[in-house]
Amino acid sequence: MLKVLEDADGGQGIEELDARDLDGLARAGARRMLAEALELEVAQYIAQHQGEQDEEGRRLVVRNGRARPRKVTTGAGTMQVTAPRVHDRREGRKFTSRILLPWMRRSPNVDGTLPILYLRGLSTGDFQPA
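Quick notes on the rules
- Residues numbered from 1 in each chain as written.
- Predicted model: local features only at pLDDT ≥ 70, side-chain atom pairs only at ≥ 80, totals over all residues.
- Heavy atoms only, no water.
- Core = buried A, V, L, I, M, F, W, Y, C linked by side-chain atoms within 4.5 Å.
- Buried < 20%, exposed > 50% of the residue type's maximum accessible area, 1.4 Å probe, protein only.
- Helix = DSSP H or I, 4+ residues; strand = E, 2+ residues; numbered from the N terminus.
- Contact = heavy atoms within 4.5 Å.
- Salt bridge = Lys/Arg side-chain N within 4 Å of Asp/Glu carboxyl O.

K.L.:
Outline the nonpolar core, supporting the account with residue identities and numerical values.
P.N.:
Judged by nonpolar contacts, Leu34, Leu38, Val72, Met79, Val81, Ala83, Leu100 and Met104 together constitute the single largest core of 8 residues. Those elements that place two or more of their residues in this core are α1 (22–48) and β5 (77–81). Beyond its immediate stretch of four places on either side in the chain, leucine 34 contacts Met79, Val81 and Ile99.

Below, the structure written as structure tokens:
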């Protein structure tokens, strides 16, 4: 089987693993995909506004590092995400990710599933499967 490992340079490699680690592999893939989507969203936003400059010739929309890491629960499990930040100096404008909203800690699909799981556990009295 395959195993995802962190390389010394922060990259990921694949090595032997068994089926018990399939969830971990899915979480690692989901985390990478989410990180890529967030990077693409920021790059597209900055590219749209790259021609806008102030009186001194400085860009009004620039990258501004990364936000603090936070945990987000998705269908693939809970993962830690570090979203890129954007400094938008235009009057009355602010970049907000449409993928990962500032207050979001759970995927909307997970939020919809929790009440169903809770009710199923109540009706059968068996919380373990729920």
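K.L.:
Provide a residue-level description of the pattern of salt bridges, including the pertinent values.
P.N.:
The tally for this structure, following the rule as stated, stands at 6 salt bridges. With a closest N to O distance of 3.0 Å, glutamate 39 and arginine 63 form a salt bridge. Residue glutamate 39 is located in helix α1, and its partner arginine 63 is located in strand β3 (residues 61–66); the two are separated by 24 residues in the primary sequence. Look at arginine 63 and you get partly exposed, because its relative accessible area is 39%. Three or more residues joined by partner-sharing salt bridges are found here, namely Glu39, Arg63 and Arg66.

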